[in-house]
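For reference, the chains in residue letters:
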Amino acid sequence: MLTAHDFTNDVASEIADFKRNFNLAAATDLLYTKPDGERVGFMDVVIEGGGVKGIAAIGALYALEECGLRFRKIAGTSAGALNAAFLACAGRSAAEHRTAQLLRILANIDFLHFADGGDDAQAVVRLLTLPDSDSALETFMNRAKTTVAMLRNLNEVILRLGLNPGGRLKSFLCQEFETLNKGEAFTVGALRRKWRRDAIMINGEYLEQDFQVVVSDISHRRKAVFPLDLEDYVRDSNAVLIADLVRASASIPMFFSPFRLGDFSTVPENLRAPVSTCFVDGFIVSNFPLSLFDVSDFARPPQCPTFGLTIEDDSAQTATQEIDNFVKLGLAVFQTASQHGDKGYVHNNPQNAVRIIHISNRIRRNNQDRFVSAIDFALSDSDKIQLFHNGVRAVLDKLATWNFHDYIRRYRH
């Protein structure tokens, strides 16, 4: 079993060396001195979805905290929503170091455990994540086995609209969030009460905290941002579990059954929309919602930056992708749809590119470069640690050239 030390030991000296010359006051204007005298600065963060690659985002969040930065507003999609939720719910005060708790919870996840559709469903996942072999015959055989395994699951997919019902994922989320909330269900209301109870005051104003996840409402063909849009679906948003929001945002089409409003753990009387309202993975509509916390009021520049964490291939072959099975075809279609708007927002607003932290999903496995996919559920301990380190180093590279005041002068006036 991995420990936090396994992840952080090899990068501790790099972070310590970096911090000697790091000027926290140049990174953000939202600064706070904790009761123990430690000086921290606040930022907002948006975490891209990426399946199991989300471990790299934890590395980035850890490095930001080690450098003295903390998180005011937090958002994400799919796996990014999962990381965002744990980050929002962990700890008491927003000034606390919270990623150590994320490591404890997420480092040793057996991702295959969430494939709760039976042995055939797990077989599909294992086969889909096999790398192409140098042998054409072996590659052909693996693809043939994948096709057969998918056909064996066809009846389940038709009946429940997905390989896996997703119950284990929700149970895991409920259990871990309850642990963070001292045995009580972690609802939207509980999170808001925590923010009020442990509020931080800076320059005479209470720190405004926020947490949002992106969900695809395919019944109404719209993007939903939760908890912001919950009032369209329920009468009392405070009664909704945080786990329900994450489960809805991470409902990978075909892999998980859609999550319906009737599946929310709240009384029927609280539902405003039809119980059949169907939610799937937020990455269909916005996998990298960088604009979520942006404001257009240039008369009052932001007090802190919003960083976006994106995990992507840095290989020369990323411009094209071989589509050789139905799952890859479906993912490619969804990725094109979801990234079109996000990439357009970044492309059309040059101030956005400078606040994106690009994290590589490249790892070394058997002396060869590999690029971890969103559904690479058979990650080894070494793979997880390498992804974590990629996140750490991406943050150090970004902060080495980041200056919030230069950003304001250049883009906000």
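Throughout what follows, the structure given in this document is the object of discussion. (Residues numbered from 1 in each chain as written. Predicted model: local features only at pLDDT ≥ 70, side-chain atom pairs only at ≥ 80, totals over all residues. Heavy atoms only, no water.)

## Looking at the side chain of Gln209
- Mapped onto the elements, Gln209 comes out in the loop between β6 (205–206) and β7 (210–217).
- Each residue touching Gln209, except ones within four places of it in the same chain, is listed here: Arg72, Lys73, Ala94 and Trp195. (Helix = DSSP H or I, 4+ residues; strand = E, 2+ residues; numbered from the N terminus. Contact = heavy atoms within 4.5 Å.)

## Describing the pattern of salt bridges
- One pass over the structure, following the stated rule, counts 17 salt bridges.
- Here Asp232 makes a salt bridge to Arg222, at a shortest N to O gap of 3.2 Å. Here Arg222 lies in strand β8 (residues 222–226) and Asp232 lies in the loop between β8 and α11 (242–249), a separation of 10 residues in the sequence.
- Given a relative accessible area of 38%, Asp232 falls into the partly exposed group.
- Assessed through its relative accessible area of 28%, Arg222 is described here as partly exposed.
- The structure contains a network of salt bridges with shared partners spanning Lys34, Glu38 and Arg70. (Salt bridge = Lys/Arg side-chain N within 4 Å of Asp/Glu carboxyl O. Buried < 20%, exposed > 50% of the residue type's maximum accessible area, 1.4 Å probe, protein only.)

## Brief notes about the packing of helix α2 (residues 12–19) against helix α14 (residues 381–399)
- As a packed pair, α2 and α14 sit with axes 11 Å apart at the nearest point and diverge in direction by 10°. By the angle class used here, α2 and α14 are roughly parallel. Seen along the crossing, α2 lies across α14 with a hand that is left-handed. Two secondary-structure elements touch here, α2 through Glu14, Ile15 and Phe18 and α14 through Val392, Arg393, Leu396 and Leu399.
- For the contact of α2 with α14, the residue count by class is five nonpolar, no polar and two charged. (Axes fitted to C-alpha atoms, helices over the stretch in contact; angles between N-to-C directions. Parallel < 35°, antiparallel > 145°, perpendicular 65-115°, else oblique. Left-handed = near helix turned anticlockwise from the far one by under 90°. Nonpolar A, V, L, I, M, F, W, Y, C, P; charged D, E, K, R; others polar.)

## Topic: the environment of Gln101
- When you line up the elements, Gln101 lands in helix α5 (residues 99–106).
- Its relative accessible area of 23% is what places Gln101 among the partly exposed residues.
- A sequence separation of 97 residues divides Gln101 from Ala4, and the C-alpha atoms of the two residues are 9.0 Å apart.

## Quick notes on the packing of aromatic side chains
- In this structure the tally under the stated criterion is 15 aromatic pairs.
- Ring centres of Tyr62 and Phe388 lie 5.6 Å apart, and the angle between their planes is 45°; this geometry places the pair in the tilted category. Of the two residues, Tyr62 sits in helix α3 (residues 54–66) while Phe388 sits in helix α14, which places them 326 residues apart along the sequence. Taken as a pair, Tyr62 and Phe388 share a single burial class, namely buried.
- On the numbers, 5.5 Å between centres and 40° between planes, the contact of Trp402 with Tyr407 is tilted. Each of the two residues, Trp402 as well as Tyr407, counts as buried.
- Members of the aromatic cluster, each reached through a chain of ring pairs, are Phe226, Tyr233, Phe259, Phe264 and Phe279.
- The ring of Phe256 carries the charged tip of Arg247 above its face, separated from the ring centre by 5.2 Å. (Phe/Tyr/Trp six-rings, centres within 6.5 Å; stacked < 30°, edge-to-face > 60°. Lys NZ or Arg CZ within 6 Å of the ring centre and 35° of its normal.)

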